[in-house]
Amino acid sequence: MGNTCFLLGAGFTHAVTNGKAPLTSGLVPLIKNIITDDLQDTLNHVGDNIELFITLLDLEERYTVQNERRDKISECKKKVIDKIIDCYDIDKFTEHFPLCESFVKKVSDNACILTLNYDCLLDRYLYLSKRWSPHGGYFAQQFPSSIKHNSNLDNVLLLKLHGSCNFRNNSGNLDYPNIEVSSKIFPSIHAEINTRNYKRDEGAHVLIMSYLKQYHNGIMMLWREAIETLKNANRLTIIGCSLRDEDIFLRYALYHFGTKENTDKFVIEIVDKNKNSGETIKSKIEELVGFPEKQEYKIYNDLKEYLGD
């Protein structure tokens with residue numbers, strides 16, 4: 001089978017929770033009541049494109065010359081970000097989700113999972129499977145720290161490329177977040193590390209939806225490892241990720257898949273809501289990966305078909 005790399009987008013968590021986790025397109029209705037009146041027209045203009053809305057806020061906040069206006073936008077943006085994070089936080093998905101459990105069973109040894117999601121649902125099921133641990137399974141035990149792989153388990157690596165609800169900003173070092181490890185996320189782990197009552201905790205360290213993402217050093221370290229993983233993978237499985245053109249970092253990283261030396265064939269599996277959307281993703285990936293003529297594609301109707309459930 002070779003080394004496998006998974007790429008998970010918002011559609012993955014949406015699918016394994018049977019729609020409980022909102023898709024990116026479903027976030028706009030959730031923030032309408034916290035947007036100030038003077039920004040409602042901007043929100044109405046973007047439709048369900050929350051990335052465009054936050055990008056417009058970023059641009060105006062950065063370039064407006066009116067201090068009062070800048071402060072108002074900054075305050076509004078903070079409320080929006082807090083609301084989005086709250087939608088995916090650790091207390092939102094506590095019941096049993098069989099599809100997530102089935103997915104973890106399908107993950108092969110030595111696999112690397114690249115996820116763009118903030119939630120900790122997959123983290124929990126990986127831990128419960130006894131194949132992965134938060135101590136090393138995120139590529140680093142704690143930012144900053146020496147690298148420590150999961151060598152004593154199945155060497156499954158989880159790289160959260162847009163941050164996570166349990167990556168916590170701290171006032172001592174905003175470039176390298178702390179990793180929260182507690183029994184609320186990992187049942188019976190008997191650890192309370194970097195919990196939210198820590199005096200320096202300043203909220204979740206995530207790259208919120210915007211075309212102007214600012215990657216701090218800790219997250220850049222994960223992207224470098226993601227690129228190395230893609231270089232050495234024979235199989236790429238994309239689940240619930242639309243490969244937006246605006247995500248330049250992701251597009252650059254995917255270029256490295258298919259560049260492994262002395263390899264005649266690579267497999268790309270695409271799992272989305274239906275075959276039509278899968279074909280659309282295929283057309284995008286064909287323009288990104290190295291040596292597209294060596295790629296063999298498999299498209300699945302949905303996650304249940306892929307898992308065989």
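Structure's up top.
Residues numbered from 1 in each chain as written. Predicted model: local features only at pLDDT ≥ 70, side-chain atom pairs only at ≥ 80, totals over all residues. Heavy atoms only, no water.

*Asks:* Looking at this model, I keep getting lost on the pattern of salt bridges. Mind explaining?
*Replies:* Under the criterion given, the structure shown has 20 salt bridges. Two residues, Glu51 and Arg244, come together in a salt bridge whose shortest N-O distance is 3.2 Å. In this pair, Glu51 sits in helix H4 (residues 50-63) while Arg244 sits in the loop between strand E9 (235-239) and helix H10 (248-254), placing the two residues 193 residues apart along the sequence. For Glu75, the salt bridge goes to Lys79, with nearest N and O atoms at 3.9 Å. Residue Glu75 and its partner Lys79 are located together in helix H5 (residues 67-87), separated by 4 residues, close to a single helical turn. A network of salt bridges, in which partner residues are shared, links Asp38, Glu60 and Arg69. (Salt bridge = Lys/Arg side-chain N within 4 Å of Asp/Glu carboxyl O. Helix = DSSP H or I, 4+ residues; strand = E, 2+ residues; numbered from the N terminus.)

*Asks:* Help me understand the sheet that holds E9 in this model?
*Replies:* The pairing of strands in a sheet comes from backbone hydrogen bonds and takes either a parallel or an antiparallel form. Strand order in this open sheet of 6 strands is E3-E2-E1-E9-E10-E11, and the pairing throughout is parallel. Edge positions in the sheet fall to strand E3 (157-160) and strand E11 (295-300), since each of these pairs with one other strand and no more. Averaged over neighbouring strand pairs, the angle between their axes works out to 15° when direction is ignored. Across 5 bridges, the pairing between E9 and strand E10 (residues 266-271) is parallel. Within E10, the position partnered with Thr237 by the bridge is Glu269. Against the sheet, helix H11 (residues 275-285) contacts E9, E10 and E11, and its axis sits at roughly 155° relative to E11. (Pairing = 2+ DSSP bridges. Axes fitted to C-alpha atoms, helices over the stretch in contact; angles between N-to-C directions. Contact = heavy atoms within 4.5 Å.)

*Asks:* Could you clarify how one ought to interpret the pairing of strand E8 (residues 201-206) in this entry?
*Replies:* Regular strands show a simple pattern: their side chains alternate between the two faces of the sheet. Within E8, 5 of the 6 residues are buried, which leaves the element mostly enclosed by the surrounding structure. Taken together, the 4 bridges between strand E4 (residues 163-170) and E8 define a ladder with antiparallel strand orientation. Following the sheet pairing, Asn170 is matched in E8 by Asp201. (Buried < 20%, exposed > 50% of the residue type's maximum accessible area, 1.4 Å probe, protein only.)

*Asks:* What should I look at first to understand the pairing of strand E2 (residues 112-115) in this one?
*Replies:* Neither face of E2 is open: one carries Cys112 and Leu114, the other Ile113 and Thr115, and all of them are buried. Relative to E3, E2 runs parallel, the two being bridged by 4 bridges. When the sheet's bridge partners are listed, Cys112 is paired in E3 with Leu157.

*Asks:* Honestly, the packing of H4 against H5 in this entry has me stumped. Any pointers?
*Replies:* A pair of packed helices is captured by two measures, namely the crossing angle of their axes and the spacing between those axes. It is at 9 Å that the axes of H4 and H5 come closest, and there the two elements cross at 150°. Of the possible angle classes, the one that applies to H4 and H5 is roughly antiparallel. Where H4 crosses over H5, the two elements pack in a sense that is left-handed. Of H5, the residues touching H4 (which contributes Ile50, Phe53, Ile54, Leu57, Asp58, Glu60 and Glu61) are Arg69, Arg70, Ile73, Ser74, Lys77, Val80 and Ile84. (Parallel < 35°, antiparallel > 145°, perpendicular 65-115°, else oblique. Left-handed = near helix turned anticlockwise from the far one by under 90°.)

*Asks:* Mind showing me how you'd approach the sheet that holds strand E5 (residues 178-179) here?
*Replies:* A sheet is described by the order of its strands in space; here 3 strands give the open sequence E5-E4-E8, paired in antiparallel fashion. Only two strands of the sheet have a single neighbouring strand rather than two, namely E5 and E8.

*Asks:* Honestly, H4 in this entry has me stumped. Any pointers?
*Replies:* Helical geometry note: an α-helix holds 3.6 residues per turn, so side chains three or four residues apart project in the same direction. In a regular helix each residue adds 1.5 Å, so 14 residues correspond to 20 Å; H4 covers 20 Å between its end C-alpha atoms and thus fits that length. In this fold, the buried residues of H4 make contact with helix H2 (28-31), helix H3 (37-45) and H5. Structurally, the start of H4 carries an N-cap: the backbone nitrogen of Glu51 is 3.2 Å from a side-chain oxygen of Asn49. (Expected span 1.5 Å × (residues − 1). Polar contact = N/O pair within 3.5 Å; in protein donor to acceptor, adjacent residues only side chain to side chain.)

By themselves these figures say nothing about function.
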